[in-house]
There are 2 protein chains.
Amino acid sequence: MFSEKVEHLIQALSLMPSVGKKTAQRLAIHLLQHDRAAATQIANAINAAVGSVGSCQRCRNLSEHPICHICRDSRRNDSLICVVEGPMDVIAIEQSTNFSGRYFVLMGHLSPLDGIGPNELGLDILEATLQSGQTQELILATNVNAEGDATAYYLAELARKYGVSTSRIAFGVPMGGELEYTDSYTLGHAFERRTQF
Amino acid sequence: MFSEKVEHLIQALSLMPSVGKKTAQRLAIHLLQHDRAAATQIANAINAAVGSVGSCQRCRNLSEHPICHICRDSRRNDSLICVVEGPMDVIAIEQSTNFSGRYFVLMGHLSPLDGIGPNELGLDILEATLQSGQTQELILATNVNAEGDATAYYLAELARKYGVSTSRIAFGVPMGGELEYTDSYTLGHAFERRTQF
Ligand SMILES: [Zn+2]
Ligand SMILES: [Zn+2]
């Protein structure tokens with residue numbers, strides 16, 4: 001419909017998650033018609049980030065510094081480590097809780113069929129930290145699904161090896177959730193873990 | 001929350017229309033965590049398009065060629081010109097109709113308060129075409145709102161000067177539309193333009 005370079009831009013923008021063809025068309029036309037300065041700023045920011053953002057050597061979160069700002073923050077509690085699957089989980093926990101310990105970001109979960117084992121998740125780094133003896137509690141905040149549970153189980157075994165206690169975020173029927181609309185996996189676990197009333 | 005370059009990327013992505021902070025975070029993390037090849041492809045496509053896409057000299061639509069592919073297409077009918085406000089309107093008409101004439105893309109509408117007059121919309125180019133005598137009908141497909149109507153009115157006057165007949169896309173209550181939920185501007189016009197039943 002458009003000239004090649006406009007079509008290329010539309011195709012490239014539609015590589016972004018949840019951006020369909022129609023949205024990509026709107027974005028491309030908007031940027032070219034109304035905001036080329038923004039377009040250039042986006043391209044520059046992408047290139048700058050892709051060129052320099054790697055993984056924090058301590059927690060594996062995305063950072064362009066060898067040690068990220070959370071790991072550098074001396075006010076945070078070294079004896080607590082919260083393990084999460086990805087960077088968005090760090091944001092969610094920072095925004096919803098008053099957790100002031102450290103993080104370890106797996107950048108995924110164990111998935112043997114996809115060739116993702118302990119090494120791919122950087123568990124050697126986590127193991128070295130557990131071995132150092134300064135960790136008192138490992139909080140397992142992987143997702144509450146089959147993969148996240150399996151990963152949490154593996155991590156709990158690892159922690160036990162070094163005498164570090166573990167905890168798993170509570171899961172059950174969400175606040176305000178009606179049983180009728182709760183998925184069976186959640187409801188099954190919530191029923192099993194019922195507490196005295 | 002994140003390191004500077006990641007935050008810059010999030011800010012840049014949120015310059016896109018209808019991309020809020022949360023969506024921009026998801027996009028940035030996704031690109032950096034899972035798809036750096038796509039990220040680089042997007043940056044390259046933006047730079048290529050911004051660097052070379054301009055306006056077609058004949059119809060003003062976005063194109064990296066001096067004359068766009070629709071204007072170059074010799075199978076299209078030179079005697080019909082459809083005037084639209086923007087590139088997305090060309091897509092909409094190409095997809096919804098069997099129009100096979102030419103387009104003229106205003107890249108906006110008359111808006112004297114914003115300093116957008118006939119020159120800013122390239123109407124000198126359109127006038128030269130009308131003057132050449134090959135145009136039989138100018139189809140006014142600007143938006144159906146106050147600005148689009150005012151622009152259509154101005155274009156109709158221009159066409160009259162050169163003896164070119166004009167038409168305006170029909171407007172009224174949309175197909176399947178209920179009167180109760182139709183905005184008053186539309187309903188007022190639909191009522192006024194009622195036809196014998
Ligand atoms: Zn870190
Ligand atoms: Zn053209």
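Above this note sits the structure.
If you're wondering where the values come from, they're calculated on a predicted model, not measured in any experiment. Residue indices begin from 1 for each chain and proceed along its sequence in written order. For naming, the first written chain is A and the first written ligand is 1, with later ones following in the order written. Confidence filtering applies because this is a predicted model: local features only for residues at pLDDT of at least 70, side-chain atom pairs given and counted only at 80 or more, and all residues used for totals across whole chains, interfaces and linings. Based on all heavy atoms of the structure, the side-chain values leave hydrogens and waters out of the count.

Draft legend 1. Region of the structure containing the coordination of the zinc ion (ligand 1). Residue and element names in this part refer to chain A. Atoms of type N, O and S within 2.8 Å of a metal are treated as its donors, and for Na, K and Ca the window is 3.2 Å; water is not considered, so some sites may appear to be missing partners. Taken together, C56 (SG), C59 (SG), C68 (SG) and C71 (SG) make up the protein donors of the zinc ion (ligand 1), found 2.3 Å from the metal. Geometry is assigned from the angles between donors: four donors with all angles from 85 to 135 degrees make a tetrahedral site, four or six donors whose opposite pairs exceed 155 degrees while the rest stay between 65 and 115 make square planar or octahedral sites respectively, and everything else is labelled irregular. One way to put it: the four donor atoms around the zinc ion (ligand 1) meet at angles of 105 to 118°, and that makes the site tetrahedral. As a motif over one chain, the donors of the zinc ion (ligand 1) read C-x2-C-x8-C-x2-C. Residue C68 shares its accessibility class with C71, and that shared class is buried. In this scheme, a residue with accessible area under 20% of its type's maximum is buried, one over 50% is exposed, and one in between is partly exposed, where area comes from a 1.4 Å probe on protein chains only.

Draft legend 2. Focus on the coordination of the zinc ion (ligand 2). Residues and elements named next belong to chain B. Protein-derived coordination of the zinc ion (ligand 2) comes from C56 (SG), C59 (SG), C68 (SG) and C71 (SG), at a distance range of 2.3 Å. What the four donor atoms of the zinc ion (ligand 2) show is an angle range of 106 to 117° at the metal, which sorts the shape as tetrahedral. Site description for the zinc ion (ligand 2): donor spacing in sequence, C-x2-C-x8-C-x2-C. By relative accessible area, C71 is classed as buried at 6%.

Draft legend 3. Highlighting the sheet that holds strand β4 (residues 101–105) of chain B. Residue and element names in this part refer to chain B. For two strands to pair, DSSP has to find at least two bridges joining them. Each helix is a run of H or I in the DSSP string that is no shorter than four residues. Each strand is a run of E no shorter than two, and both are numbered from the N terminus. Taken in spatial order, the four strands make up an open sheet running β4-β3-β5-β6, and their pairing is parallel. The open sheet is flanked by β4 and β6 (165–168), the only strands paired with a single partner. For this sheet, the mean angle separating the axes of adjacent strands, direction not counted, is 25°. Axis lines are fitted through C-alpha atoms, for helices just across the contact stretch, and the angle between N-to-C directions can take any value from 0 to 180 degrees.

Draft legend 4. Structural context of the interface of chain B and chain A. If you look at the interface, chain B gives 52 residues, while chain A gives 51 residues. Here the buried area means the combined drop in accessible surface, using a 1.4 Å probe, for two parts upon being joined, counting both sides. Counting each side, the surface lost to burial between chain B and chain A is near 5,000 Å², with a carbon and sulfur contribution of 73%. What makes a salt bridge here is a side-chain nitrogen of Lys or Arg within 4 Å of a carboxyl oxygen of Asp or Glu, nothing more. For the interface between chain B and chain A, the tally reads zero salt bridges. Each polar contact in these results corresponds to two N or O atoms within 3.5 Å; when the atoms are within protein, one needs to be able to donate a hydrogen and the other to accept it, and residues that are neighboring in sequence are counted only if both atoms are side-chain atoms. If you look at where chain B meets chain A, you find eleven residue pairs in polar contact (both at pLDDT 80 or more). Contributing elements (two or more residues each) for the side of chain B that touches chain A: α1 (4–13), α2 (21–34), α3 (36–52), β2 (62–63) and α5 (87–96) of chain B. At 14 residues, α3 of chain B tops the list of elements feeding residues into the side of chain B that touches chain A. In terms of residue class, the side of chain B that touches chain A is built from 27 nonpolar, 17 polar and eight charged. The criterion used for residue contact is that any of the two residues' heavy atoms lie within 4.5 Å. Each residue is assigned to one of three groups, with Ala, Val, Leu, Ile, Met, Phe, Trp, Tyr, Cys and Pro labelled nonpolar, Asp, Glu, Lys and Arg labelled charged, and all others, Gly among them, labelled polar.

Draft legend 5. Region of interest: the pattern of salt bridges. Scanning the entire structure with this criterion turns up twelve salt bridges over all chains. For D149 of chain A, the salt bridge identified is with R168 of chain A, shortest N-O distance 2.7 Å. Residue D149 of chain A is found in helix α7 (residues 146–161), and its partner R168 of chain A is found in strand β6 (residues 165–168); the two are separated by 19 residues along the sequence. Of the charged contacts, one joins R160 of chain B and E157 of chain B as a salt bridge, the two residues approaching to 3.5 Å between their closest N and O atoms. Residue R160 of chain B and its partner E157 of chain B are both found in helix α7 (residues 146–161); the two are separated by three residues, about one turn of the helix.

Draft legend 6. Examining the sheet that holds strand β5 (residues 137–140) of chain A more closely. All names here are of chain A. Ordered by their spatial adjacency, four strands build an open sheet running β4-β3-β5-β6, and the pairing between neighbours is parallel. A strand with exactly one partner marks an edge of an open sheet, and here the two such strands are β4 (101–105) and β6. The average undirected angle you get between the axes of adjacent strands in this sheet is 25°. As paired elements, strand β3 (residues 77–84) and β5 share four bridges and run parallel to each other. What sits directly across from C82, in β5, is I139. Of the strands in this sheet, β3 and β4 are in contact with helix α5 (residues 87–96), which crosses β4 at around 155°.

Draft legend 7. Representation of the pairing of β5 of chain A in the model. Residue and element names in this part refer to chain A. Bridging between β5 and β6 involves four bridges; their strand directions are parallel. Paired with I139 across the two strands is S167, which belongs to β6. Place the viewer so that the strands point away; then a crossover is right-handed whenever the path from the first strand over the helix to the second strand goes clockwise. Taken together, β5, α7 and β6 form a β-α-β motif whose crossover is right-handed.

Draft legend 8. Local environment of the relation of the copies chain B and chain A. When the copies are overlaid, the least-squares fit takes in C-alpha atoms only where the residue has pLDDT of at least 70 in both copies. In screw terms, the move from chain B to chain A is a rotation of 180° and a rise of 0.1 Å along the axis, fitting with an RMSD of 0.1 Å. The relationship between the two copies is best expressed as a two-fold rotation axis. Among all C-alpha atoms of chain B, that of A43 of chain B lies closest to the rotation axis, at 2.0 Å. Both copies present the same face, since 98% of the interface residues in chain B are matched by interface residues at the equivalent positions in chain A.

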